[in-house]
Amino acid sequence: MIIAVDGPSGSGKSSTARGVANRLGLRYLDTGATYRAVTWSAVERGLDLDDTAAVAQRARELVLEISTDPDDQFVIADGTDITAAIREPRISEVVSKIATNLDVRKELIRRQRAIIDKAQTDGGIVVEGRDIATVVATDAELKVLLTADQEARMARRGAELAAGSVTAAELRDQIVRRDADDSTVSEFQVASDGAVTIDSTDLTLEEVVDVISRLATETVPRSQEL
Ligand SMILES: Nc1ncnc2c1ncn2[C@@H]1O[C@H](COP(=O)(O)OP(=O)(O)OP(=O)(O)O)[C@@H](O)[C@H]1O
Ligand SMILES: Nc1ccn([C@H]2C[C@H](O)[C@@H](COP(=O)(O)O)O2)c(=O)n1
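You'll find the protein chain entered in an unreviewed UniProt entry as Cytidylate kinase, with Kribbella jejuensis given as the organism. For the protein chain, the Subcellular location (unreviewed entry) comment in UniProt is given as "Cytoplasm".

If you want it as C-alpha coordinates, here you go:
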(Lines give C-alpha, C1' and ligand atoms only; values in the text may rest on other atoms or scores of the structure.)
(Ligands and ions follow the chains in the order given, each with its own letter.)
Protein backbone atom coordinates (compact mmCIF):
# COMPACT_ATOMS: atom_id res chain seq x y z
CA MET A 1 0.00 0.00 0.00
CA ILE A 2 1.12 3.55 -0.74
CA ILE A 3 -0.34 6.42 1.28
CA ALA A 4 0.38 9.87 -0.18
CA VAL A 5 0.25 12.91 2.11
CA ASP A 6 0.63 16.32 0.45
CA GLY A 7 0.01 19.82 1.71
CA PRO A 8 1.48 23.21 2.52
CA SER A 9 4.32 23.94 4.91
CA GLY A 10 3.54 23.39 8.59
CA SER A 11 0.27 21.53 7.96
CA GLY A 12 1.68 18.56 9.88
CA LYS A 13 2.64 16.23 7.01
CA SER A 14 5.88 14.86 8.49
CA SER A 15 4.58 14.28 12.02
CA THR A 16 1.33 12.81 10.78
CA ALA A 17 2.88 10.58 8.09
CA ARG A 18 5.43 9.25 10.59
CA GLY A 19 2.64 8.58 13.09
CA VAL A 20 0.54 6.71 10.52
CA ALA A 21 3.54 4.64 9.38
CA ASN A 22 4.24 3.70 13.00
CA ARG A 23 0.62 2.83 13.70
CA LEU A 24 0.24 0.66 10.59
CA GLY A 25 3.75 -0.84 10.48
CA LEU A 26 4.64 0.85 7.18
CA ARG A 27 7.81 2.55 5.93
CA TYR A 28 7.93 6.36 5.79
CA LEU A 29 9.50 8.69 3.21
CA ASP A 30 10.05 12.41 3.76
CA THR A 31 10.56 13.62 0.18
CA GLY A 32 11.30 17.17 1.37
CA ALA A 33 14.48 15.76 2.93
CA THR A 34 15.74 14.83 -0.56
CA TYR A 35 15.40 18.47 -1.72
CA ARG A 36 17.04 19.63 1.49
CA ALA A 37 19.95 17.20 0.98
CA VAL A 38 20.69 18.54 -2.52
CA THR A 39 20.45 22.10 -1.13
CA TRP A 40 22.91 21.26 1.65
CA SER A 41 25.36 19.77 -0.83
CA ALA A 42 25.10 22.71 -3.25
CA VAL A 43 25.58 25.20 -0.39
CA GLU A 44 28.55 23.25 1.05
CA ARG A 45 30.25 23.31 -2.33
CA GLY A 46 29.58 27.02 -2.76
CA LEU A 47 27.56 26.52 -5.96
CA ASP A 48 25.56 29.42 -7.36
CA LEU A 49 22.02 28.21 -6.58
CA ASP A 50 20.72 30.10 -9.61
CA ASP A 51 23.00 28.02 -11.86
CA THR A 52 20.32 25.43 -12.55
CA ALA A 53 22.58 23.18 -14.67
CA ALA A 54 25.32 22.99 -12.03
CA VAL A 55 22.83 22.29 -9.24
CA ALA A 56 21.07 19.62 -11.30
CA GLN A 57 24.44 17.98 -12.01
CA ARG A 58 25.10 17.96 -8.23
CA ALA A 59 21.71 16.29 -7.68
CA ARG A 60 22.59 13.54 -10.15
CA GLU A 61 26.04 12.97 -8.60
CA LEU A 62 25.03 13.05 -4.94
CA VAL A 63 25.26 9.71 -3.13
CA LEU A 64 22.18 9.85 -0.94
CA GLU A 65 21.00 7.46 1.74
CA ILE A 66 17.67 8.27 3.33
CA SER A 67 16.05 6.20 6.07
CA THR A 68 12.48 4.94 5.67
CA ASP A 69 12.26 3.74 9.28
CA PRO A 70 9.71 6.04 10.97
CA ASP A 71 11.49 5.50 14.32
CA ASP A 72 15.00 6.15 13.07
CA GLN A 73 15.18 8.96 10.54
CA PHE A 74 18.57 9.87 9.05
CA VAL A 75 19.93 11.38 5.86
CA ILE A 76 23.48 10.67 4.69
CA ALA A 77 24.94 12.59 1.74
CA ASP A 78 28.27 11.59 0.23
CA GLY A 79 29.10 9.83 3.51
CA THR A 80 28.20 12.75 5.82
CA ASP A 81 25.30 12.51 8.26
CA ILE A 82 23.26 15.65 7.48
CA THR A 83 20.09 14.71 9.41
CA ALA A 84 20.25 17.84 11.59
CA ALA A 85 22.06 20.14 9.16
CA ILE A 86 19.26 20.02 6.55
CA ARG A 87 16.83 21.56 9.10
CA GLU A 88 19.01 24.63 9.73
CA PRO A 89 17.52 28.02 8.72
CA ARG A 90 20.32 28.55 6.13
CA ILE A 91 18.91 25.53 4.27
CA SER A 92 15.19 26.28 4.83
CA GLU A 93 15.70 29.82 3.50
CA VAL A 94 16.99 28.68 0.10
CA VAL A 95 15.56 25.18 -0.41
CA SER A 96 12.76 26.46 -2.69
CA LYS A 97 15.38 27.50 -5.24
CA ILE A 98 16.42 23.87 -5.52
CA ALA A 99 12.87 22.49 -5.33
CA THR A 100 11.82 24.71 -8.27
CA ASN A 101 14.73 23.49 -10.44
CA LEU A 102 12.91 21.17 -12.84
CA ASP A 103 16.01 19.05 -13.62
CA VAL A 104 16.60 18.51 -9.90
CA ARG A 105 12.95 17.47 -9.54
CA LYS A 106 13.31 14.96 -12.38
CA GLU A 107 16.29 13.31 -10.68
CA LEU A 108 14.80 13.29 -7.19
CA ILE A 109 11.42 11.99 -8.34
CA ARG A 110 13.28 9.10 -10.02
CA ARG A 111 15.04 8.34 -6.72
CA GLN A 112 11.85 8.72 -4.66
CA ARG A 113 10.04 6.25 -6.93
CA ALA A 114 12.86 3.72 -6.51
CA ILE A 115 12.57 3.99 -2.70
CA ILE A 116 8.78 3.59 -2.91
CA ASP A 117 9.09 0.51 -5.17
CA LYS A 118 11.50 -1.11 -2.73
CA ALA A 119 9.20 -0.40 0.24
CA GLN A 120 6.34 -2.19 -1.49
CA THR A 121 8.09 -5.47 -0.66
CA ASP A 122 8.09 -4.39 3.04
CA GLY A 123 4.30 -3.99 3.13
CA GLY A 124 3.98 -0.40 2.00
CA ILE A 125 4.93 3.17 2.71
CA VAL A 126 3.58 6.54 3.75
CA VAL A 127 5.11 9.23 1.52
CA GLU A 128 4.81 12.93 2.26
CA GLY A 129 5.60 16.00 0.21
CA ARG A 130 3.94 18.38 -2.23
CA ASP A 131 3.47 16.33 -5.42
CA ILE A 132 3.14 12.74 -4.22
CA ALA A 133 -0.48 12.14 -5.27
CA THR A 134 -0.18 14.19 -8.45
CA VAL A 135 3.26 13.17 -9.79
CA VAL A 136 5.44 10.82 -7.73
CA ALA A 137 2.93 8.08 -6.86
CA THR A 138 -0.25 8.69 -8.82
CA ASP A 139 -1.21 5.06 -8.13
CA ALA A 140 -1.28 5.57 -4.34
CA GLU A 141 -4.20 3.70 -2.76
CA LEU A 142 -4.90 6.57 -0.36
CA LYS A 143 -4.27 10.23 -1.21
CA VAL A 144 -4.54 12.86 1.50
CA LEU A 145 -4.30 16.63 1.18
CA LEU A 146 -3.46 17.82 4.69
CA THR A 147 -4.24 21.48 5.30
CA ALA A 148 -4.45 23.92 8.22
CA ASP A 149 -5.07 27.63 8.14
CA GLN A 150 -2.07 29.93 7.76
CA GLU A 151 -2.17 31.27 11.33
CA ALA A 152 -2.19 27.74 12.78
CA ARG A 153 0.70 26.68 10.55
CA MET A 154 2.79 29.69 11.53
CA ALA A 155 1.99 29.17 15.23
CA ARG A 156 3.02 25.49 15.00
CA ARG A 157 6.31 26.29 13.29
CA GLY A 158 6.96 29.08 15.83
CA ALA A 159 6.35 26.73 18.75
CA GLU A 160 8.72 24.19 17.25
CA LEU A 161 11.62 26.63 16.95
CA ALA A 162 13.52 27.84 20.02
CA ALA A 163 11.67 30.72 21.71
CA GLY A 164 12.81 34.06 20.31
CA SER A 165 15.05 32.47 17.67
CA VAL A 166 12.95 33.73 14.74
CA THR A 167 11.17 37.00 14.13
CA ALA A 168 7.56 37.14 12.89
CA ALA A 169 8.90 38.15 9.47
CA GLU A 170 11.23 35.13 9.34
CA LEU A 171 8.38 32.84 10.36
CA ARG A 172 6.19 34.26 7.60
CA ASP A 173 9.04 33.74 5.14
CA GLN A 174 9.36 30.07 6.16
CA ILE A 175 5.66 29.41 5.66
CA VAL A 176 4.02 31.93 3.33
CA ARG A 177 6.85 32.90 0.94
CA ARG A 178 8.09 29.30 0.69
CA ASP A 179 4.61 27.98 -0.18
CA ALA A 180 4.20 30.69 -2.82
CA ASP A 181 7.53 29.72 -4.44
CA ASP A 182 6.93 25.97 -4.15
CA SER A 183 3.42 26.21 -5.59
CA THR A 184 4.88 27.41 -8.91
CA VAL A 185 5.96 23.80 -9.60
CA SER A 186 3.48 21.66 -7.61
CA GLU A 187 -0.25 21.86 -6.89
CA PHE A 188 -0.67 21.26 -3.16
CA GLN A 189 -3.33 23.84 -2.29
CA VAL A 190 -6.22 22.07 -4.03
CA ALA A 191 -7.03 18.38 -3.74
CA SER A 192 -6.33 16.29 -6.82
CA ASP A 193 -8.85 13.76 -8.14
CA GLY A 194 -9.47 11.04 -5.59
CA ALA A 195 -7.70 12.84 -2.74
CA VAL A 196 -9.30 13.31 0.69
CA THR A 197 -8.83 16.76 2.23
CA ILE A 198 -8.22 16.84 5.98
CA ASP A 199 -8.20 20.28 7.62
CA SER A 200 -6.09 19.84 10.75
CA THR A 201 -6.56 23.39 12.09
CA ASP A 202 -8.72 22.24 14.99
CA LEU A 203 -7.47 18.66 15.25
CA THR A 204 -4.67 17.32 17.42
CA LEU A 205 -1.84 15.38 15.81
CA GLU A 206 -3.24 12.19 17.36
CA GLU A 207 -6.67 12.87 15.84
CA VAL A 208 -5.20 13.36 12.36
CA VAL A 209 -3.21 10.11 12.69
CA ASP A 210 -6.44 8.35 13.76
CA VAL A 211 -8.41 9.64 10.74
CA ILE A 212 -5.75 8.69 8.16
CA SER A 213 -5.10 5.28 9.76
CA ARG A 214 -8.83 4.52 9.69
CA LEU A 215 -9.12 5.59 6.04
CA ALA A 216 -6.12 3.39 5.22
CA THR A 217 -7.54 0.31 6.87
CA GLU A 218 -10.80 0.85 4.97
CA THR A 219 -8.87 1.03 1.68
CA VAL A 220 -8.18 -2.17 -0.24
CA PRO A 221 -4.61 -2.23 -1.64
CA ARG A 222 -4.66 -2.40 -5.47
CA SER A 223 -2.78 -5.72 -5.41
CA GLN A 224 -5.74 -7.26 -3.53
CA GLU A 225 -8.44 -5.82 -5.81
CA LEU A 226 -10.60 -8.51 -7.41
N1 LIG B 1 -2.64 18.56 14.24
C2 LIG B 1 -1.66 19.22 14.84
N3 LIG B 1 -1.92 20.03 15.87
C4 LIG B 1 -0.94 20.75 16.45
N5 LIG B 1 0.36 20.70 16.09
C6 LIG B 1 0.68 19.91 15.07
C7 LIG B 1 -0.30 19.14 14.38
N8 LIG B 1 0.31 18.45 13.40
C9 LIG B 1 1.63 18.79 13.47
N10 LIG B 1 1.84 19.66 14.49
C11 LIG B 1 3.12 20.29 14.85
O12 LIG B 1 3.36 21.30 13.87
C13 LIG B 1 4.74 21.41 13.57
C14 LIG B 1 4.92 21.26 12.05
O15 LIG B 1 4.58 19.92 11.71
P16 LIG B 1 5.34 19.15 10.55
O17 LIG B 1 6.80 19.42 10.58
O18 LIG B 1 4.89 17.74 10.62
O19 LIG B 1 4.70 19.87 9.29
P20 LIG B 1 5.05 19.72 7.75
O21 LIG B 1 3.77 19.87 7.02
O22 LIG B 1 5.80 18.46 7.52
O23 LIG B 1 5.99 20.98 7.50
P24 LIG B 1 7.08 21.23 6.35
O25 LIG B 1 6.46 20.89 5.05
O26 LIG B 1 7.39 22.68 6.46
O27 LIG B 1 8.26 20.35 6.66
C28 LIG B 1 5.42 20.31 14.40
O29 LIG B 1 5.96 20.90 15.55
C30 LIG B 1 4.31 19.36 14.75
O31 LIG B 1 4.52 18.68 15.97
N1 LIG C 1 7.63 16.40 -2.81
C2 LIG C 1 8.19 17.60 -2.43
C3 LIG C 1 8.69 17.77 -1.17
C4 LIG C 1 9.23 18.97 -0.83
N5 LIG C 1 9.26 19.97 -1.74
C6 LIG C 1 9.90 21.24 -1.41
C7 LIG C 1 9.12 22.12 -0.49
C8 LIG C 1 10.18 22.82 0.33
O9 LIG C 1 10.59 24.00 -0.34
C10 LIG C 1 11.36 21.84 0.31
C11 LIG C 1 11.57 21.12 1.64
O12 LIG C 1 10.35 20.52 2.04
P13 LIG C 1 9.95 20.38 3.59
O14 LIG C 1 11.04 19.59 4.24
O15 LIG C 1 9.88 21.76 4.17
O16 LIG C 1 8.64 19.67 3.56
O17 LIG C 1 11.11 20.95 -0.74
C18 LIG C 1 8.77 19.77 -3.00
O19 LIG C 1 8.80 20.67 -3.84
N20 LIG C 1 8.23 18.58 -3.33
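J.: Teacher, can you tell me more about helix α2 (residues 31–44) here?
T.: Along an α-helix, residues three or four positions apart point the same way, because every turn accommodates 3.6 residues. Relative to the 20 Å expected for 14 residues at 1.5 Å per residue, α2 spans 20 Å between its end C-alpha atoms, a close match to the ideal helical length. Extensive coverage of α2 is indicated by the burial of 11 of its 14 residues. Within α2, the full set of buried residues consists of Thr31, Ala33, Thr34, Tyr35, Arg36, Ala37, Val38, Thr39, Trp40, Ser41 and Ala42. A side-chain oxygen of the first residue of α2 lies 3.1 Å from the backbone nitrogen of Gly32; this N-cap is Asp30. Directly after α2, the chain includes Gly46, whose backbone phi takes a positive value near 70°.

J.: Which parts of the structure should I look at to understand the UniProt feature "binding site: ATP" (unreviewed entry) in the protein chain?
T.: The sites that UniProt annotates as "binding site: ATP" (unreviewed entry) are Gly7, Pro8, Ser9, Gly10, Ser11, Gly12, Lys13, Ser14 and Ser15. Position of Pro8 relative to the elements: it lies in the loop between β1 (2–6) and α1 (13–24). On the accessibility criterion, Pro8 (4% relative accessible area) is buried. Setting aside residues up to four positions removed in sequence, Pro8 forms contacts with Lys13, Leu146, Thr147, Arg153, Asp179, Phe188 and Gln189. Assignment of secondary structure puts Gly12 in the loop between β1 and α1. Take Gly12: its relative accessible area is 17%, and that puts it in the buried class. Not counting the four nearest positions on each side in its chain, Gly12 is found in contact with Leu146 and Arg156.

J.: For this particular structure, what's the right way to read the nonpolar core?
T.: Nonpolar side chains in soluble globular proteins tend to end up buried together. Counting 36 residues, the largest nonpolar core has Val38, Ile82, Val104 and Ile116 as its most contacted members. Every element with two or more residues in this core is listed here: β1, α2, α3 (52–61), β4 (75–77), α5 (95–99), α6 (102–120), β6 (125–129) and α7 (132–136). Counting residues per element, this core draws most heavily on α2, which supplies 6 residues. Each residue touching Ile82, except ones within four places of it in the same chain, is listed here: Ala37, Trp40, Val75 and Ala77. Counting residues in hydrophobic clusters, the runner-up holds 18 residues, among them Leu26, Val126, Leu146 and Ile212.

J.: I tried to follow the sheet that holds β1 on my own but got confused; where do I start?
T.: The strand order β2-β6-β1-β7-β8 describes an open sheet built from 5 strands, whose pairing is parallel. Strand pairing shows two members of the sheet lacking a second neighbour, β2 (27–30) and β8 (196–199), which therefore form its edges. Each strand axis lies, on average, 20° off the axis of its neighbour in the sheet, ignoring direction. With 4 bridges connecting them, strand β7 (residues 142–147) and β8 associate as parallel partners. When the bridges of β8 are listed, Leu145 appears paired with Thr197. Sitting on the sheet, α1 touches β1, β2, β6 and β7, and the angle it makes with β6 is about 180°. Along the sheet face, α6 touches β1, β2 and β6 and points at about 175° away from the line of β2.

Rules behind the numbers
- Residues numbered from 1 in each chain as written.
- Chains lettered and ligands numbered in written order.
- Predicted model: local features only at pLDDT ≥ 70, side-chain atom pairs only at ≥ 80, totals over all residues.
- Heavy atoms only, no water.
- UniProt positions renumbered as here; feature names shortened; annotations may be inferred.
- Helix = DSSP H or I, 4+ residues; strand = E, 2+ residues; numbered from the N terminus.
- Expected span 1.5 Å × (residues − 1).
- Buried < 20%, exposed > 50% of the residue type's maximum accessible area, 1.4 Å probe, protein only.
- Polar contact = N/O pair within 3.5 Å; in protein donor to acceptor, adjacent residues only side chain to side chain.
- Contact = heavy atoms within 4.5 Å.
- Core = buried A, V, L, I, M, F, W, Y, C linked by side-chain atoms within 4.5 Å.
- Pairing = 2+ DSSP bridges.
- Axes fitted to C-alpha atoms, helices over the stretch in contact; angles between N-to-C directions.

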